[in-house]
2 protein chains.
Amino acid sequence: MATPHTHTHDHGSWNTHAADALARKGTRRSSARDAVVTAIAAQDCCASAQEIHARLRTDGSTVGIASVYRTLELLHGMGLVTRIDTGDGVARFEPTHPGGEHHHHLVCTSCGAVEAFHDDALEEAIHRIADRVDFRVDAHDVALRGACRACR
Amino acid sequence: MATPHTHTHDHGSWNTHAADALARKGTRRSSARDAVVTAIAAQDCCASAQEIHARLRTDGSTVGIASVYRTLELLHGMGLVTRIDTGDGVARFEPTHPGGEHHHHLVCTSCGAVEAFHDDALEEAIHRIADRVDFRVDAHDVALRGACRACR
DNA sequence: GTTTACTTGATAATGGTTATCATTACCGCG
DNA sequence: CGCGGTAATGATAACCATTATCAAGTAAAC
Ligand SMILES: [Mn+2]
Ligand SMILES: [Mn+2]
Ligand SMILES: [Zn+2]
Ligand SMILES: [Zn+2]
């Protein structure tokens, strides 16, 4: 039931999915946005704007930090990216897969490490709550906090 | 199963609980800390440092904002207070009840309203995950995001 | 090619939180 | 009781992730 999340995504498929959605929305094509989208497509789990920016600059890109934030905001507004707050005051983002398939996070309060997990019973419970409550539930997030193997 | 959380806490009991824990820890008694502890004891759900500070000042207290942050950090470190991040860049805090009884939150992404809920199946699922995963889980939090009745 | 307005990158501004520091005031001890 | 050591305080400066601003660049429509 609770499984260490296996990374079996095709990075290219999300990239295409996102590019299509952007084209459909009618945004112009630009190298900055392309670079950010490609960088996000390569992630299996969450990364902050600053981390994405640093990775891009290391790879020789000249994208500005503002464009990273702007692109993340755009993609988030379009539901192409999931925002995750691990509680350290930094927003992290990961690709949202079209099928609804996703994972949640184990956060080490000692070293800040983030691990992914998935659990069907958890999803089922959340789904039932959403049906029962006087609130339209669009999204959910779950974080388990504690100590990772290394910090324990 | 999923119930709108009923507020049946005795505010005084958490206040005493916290005061005892602070005494046991050997901290000095001060009016600033007392005021913050009392303010938190009066909460049924989460409030930010600034909100707590404003409430105290309105009530005639001269507590500085720094003391509010310091007290929250102290109480959080002692496990007396739960920190909640609703994703708007503001940390909120609510009293941690000794029996482990707690609730989770519905967050309206439109107006920012926060409602509490509790669900046994959800807790059970999380408990099972904690047992199964290679991680020491000390705490967990769950947020359901969407639109409240008023914003829907 | 020209025009239009979407994008960009640099940089200033914002705002919650944290660090600093001189001053205050608990509280154990004589 | 007083003292003295030092935890705690409140004002304020510093920090830092995120946002807003703006002049310059550049897709894409015509
Ligand atoms: Mn889920
Ligand atoms: Mn719970
Ligand atoms: Zn992830
Ligand atoms: Zn609450």
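Residues numbered from 1 in each chain as written. Chains lettered and ligands numbered in written order. Predicted model: local features only at pLDDT ≥ 70, side-chain atom pairs only at ≥ 80, totals over all residues. Heavy atoms only, no water.

## What about the environment of Ala147 of chain B?
Line of reasoning, step 1. Its location among the elements puts Ala147 of chain B in strand β7 (residues 135–148).
Line of reasoning, step 2. Between the C-alpha atom of Ala147 of chain B and that of Gly87 of chain B, which follows or precedes it by 60 residues, the distance is 15 Å.
Line of reasoning, step 3. Ignoring sequence-local partners within four residues, the contact set of Ala147 of chain B consists of Phe135, Arg136 and Asp138 of chain A together with Cys108 and Arg152 of chain B. (Helix = DSSP H or I, 4+ residues; strand = E, 2+ residues; numbered from the N terminus. Contact = heavy atoms within 4.5 Å.)

## Details of the coordination of the manganese ion (ligand 2)
Residue and element names in this part refer to chain B.
Line of reasoning, step 1. The protein atoms that coordinate the manganese ion (ligand 2) are His102 (NE2), His104 (NE2), Glu123 (OE), Glu123 (OE) and His140 (NE2), at distances of 2.0 to 2.2 Å.
Line of reasoning, step 2. For the manganese ion (ligand 2), all donor residues lie on one chain, and their spacing in sequence is H-x1-H-x18-E-x16-H. Highlighted residues: His102 in the loop between β4 (91–95) and β5 (104–108) and His140 in strand β7, separated in sequence by 38 residues.
Line of reasoning, step 3. Assessed through its relative accessible area of 28%, His102 is described here as partly exposed. (Donors = N, O, S within 2.8 Å, 3.2 Å for Na, K, Ca; no water. Buried < 20%, exposed > 50% of the residue type's maximum accessible area, 1.4 Å probe, protein only.)

## A short note on the relation of the copies chain B and chain A
Related by rotation about an axis and a shift along that axis, the two copies of the chain form a pair.
Line of reasoning, step 1. The transformation that overlays chain B on chain A combines an axial shift of 0.0 Å with a rotation of 179°, and the residual RMSD is 0.1 Å. Such a combination of turn and shift is consistent with a two-fold rotation axis. The position closest to the rotation axis in chain B is occupied by the C-alpha of Val142 of chain B, lying 2.2 Å away. (Least-squares fit on C-alpha atoms with pLDDT ≥ 70 in both.)

## Let's talk about the sheet that holds strand β4 (residues 91–95) of chain A
Residues and elements named next belong to chain A.
Line of reasoning, step 1. Taken in spatial order, the three strands line up as β2-β4-β3 in an open sheet, and their pairing is antiparallel. Because the sheet does not close on itself, it has two edges, and the strands there are β2 (47–48) and β3 (81–85).
Line of reasoning, step 2. Relative to β4, β2 runs antiparallel, the two being bridged by two bridges. Bridging across to β4, Ala47 finds its partner in Phe93. (Pairing = 2+ DSSP bridges.)

## Thoughts on the coordination of the zinc ion (ligand 3)
Residue and element names in this part refer to chain A.
Line of reasoning, step 1. Listed as protein donors to the zinc ion (ligand 3) are Cys45 (SG), Glu94 (OE), His103 (NE2) and His105 (NE2); their distances from the metal cover 2.0 to 2.2 Å.
Line of reasoning, step 2. For the zinc ion (ligand 3), the four donor atoms are set out with angles of 102 to 120° between them, so the coordination reads as tetrahedral.
Line of reasoning, step 3. When the donor residues of the zinc ion (ligand 3) are listed from N- to C-terminus, their spacing reads C-x48-E-x8-H-x1-H. Here Cys45, found in the loop between α2 (31–41) and β2, pairs with His105, found in strand β5 (residues 104–108); they are 60 residues apart in sequence, far enough to count as distant.
Line of reasoning, step 4. Its relative accessible area of 4% is what places His105 among the buried residues. (Tetrahedral: all angles 85-135°; square planar, octahedral: opposite > 155°, others 65-115°.)

## Quick notes on the protein's contact with DNA strand C
Line of reasoning, step 1. Neighbouring DNA strand C are 19 residues; Ser30, Ser67 and Arg70 of chain A together with Tyr69 and Ala91 of chain B lie closest to it.
Line of reasoning, step 2. Protein-adjacent atoms of DNA strand C, using a 4 Å cutoff, are sugar or phosphate at a proportion of 61%.
Line of reasoning, step 3. At 3.1 Å, a backbone N or O of Gly64 of chain A approaches a phosphate oxygen of DNA strand C.
Line of reasoning, step 4. One of the side-chain nitrogen or oxygen atoms of Arg70 of chain A is found 2.6 Å away from a base nitrogen of DNA strand C.
Line of reasoning, step 5. Sorting the residues of the surface near DNA strand C by element identifies α2 and α4 (65–77) of chain A together with α4 (65–77) of chain B as the ones contributing at least two each.
Line of reasoning, step 6. At three residues, α4 of chain A tops the list of elements feeding residues into the surface near DNA strand C.
Line of reasoning, step 7. Here the surface near DNA strand C is built from residues that sort into six nonpolar, seven polar and six charged. (Near = heavy atom within 4 Å. Polar contact = N/O pair within 3.5 Å; in protein donor to acceptor, adjacent residues only side chain to side chain. Nonpolar A, V, L, I, M, F, W, Y, C, P; charged D, E, K, R; others polar.)

## Concerning the protein's contact with DNA strand D
Line of reasoning, step 1. DNA strand D sits among 19 residues. The nearest are Tyr69 of chain A together with Ser30, Arg33, Ser67 and Arg70 of chain B.
Line of reasoning, step 2. Of all DNA strand D atoms lying within 4 Å of any protein atom, the proportion belonging to sugar or phosphate reaches 59%.
Line of reasoning, step 3. In this structure, Arg28 of chain A approaches DNA strand D through a side-chain N or O atom, which is 3.2 Å from a base nitrogen.
Line of reasoning, step 4. Between DNA strand D and the protein, one listed contact pairs a phosphate oxygen with a side-chain N or O atom of Arg33 of chain B at 2.5 Å.
Line of reasoning, step 5. Residue assignment for the surface near DNA strand D shows that the elements contributing at least two residues are α4 of chain A together with α2 (31–41) and α4 of chain B.
Line of reasoning, step 6. No other element matches the three residues that α4 of chain B contributes to the surface near DNA strand D.
Line of reasoning, step 7. In terms of residue class, the surface near DNA strand D is made up of six nonpolar, seven polar and six charged.

## Concerning the interface of chain B and chain A
Frequently, the measure chosen for interface size is the accessible area that the parts lose on association.
Line of reasoning, step 1. Of the residues lining the interface, 35 residues belong to chain B; the matching set on chain A comes to 35 residues.
Line of reasoning, step 2. Between chain B and chain A lies a buried interface of about 3200 Å² when both sides are counted; carbon and sulfur atoms form 61% of it.
Line of reasoning, step 3. When the buried area of chain B at its contact with chain A is split by residue, Ile129, Phe135 and Arg145 of chain B rank highest and sum to 21% of it.
Line of reasoning, step 4. Between chain B and chain A we count six salt bridges in total.
Line of reasoning, step 5. Linking Asp134 of chain A and Arg152 of chain B is a salt bridge whose minimum nitrogen-to-oxygen distance equals 3.0 Å.
Line of reasoning, step 6. Counting the contacts that link chain B with chain A gives 16 residue pairs in polar contact (both at pLDDT 80 or more).
Line of reasoning, step 7. If you list the elements that add at least two residues to the side of chain B that touches chain A, you get β3 (81–85), β5, β6 (114–118), α5 (120–132) and β7 of chain B.
Line of reasoning, step 8. Counting residues per element, the side of chain B that touches chain A draws most heavily on β7 of chain B, which supplies 14 residues.
Line of reasoning, step 9. Across the side of chain B that touches chain A, the residue classes tally to 20 nonpolar, three polar and 12 charged.
Line of reasoning, step 10. Two strands pair when backbone bridges link them, and strand β7 (residues 135–148) of chain A and β7 of chain B are joined in this way by 13 bridges, in the antiparallel orientation. The residue bridging Leu144 of chain A from the neighbouring strand is His140 of chain B, located in β7 of chain B. (Buried area = accessible area lost by both parts, 1.4 Å probe. Salt bridge = Lys/Arg side-chain N within 4 Å of Asp/Glu carboxyl O.)

In short, geometric facts, not functional conclusions.
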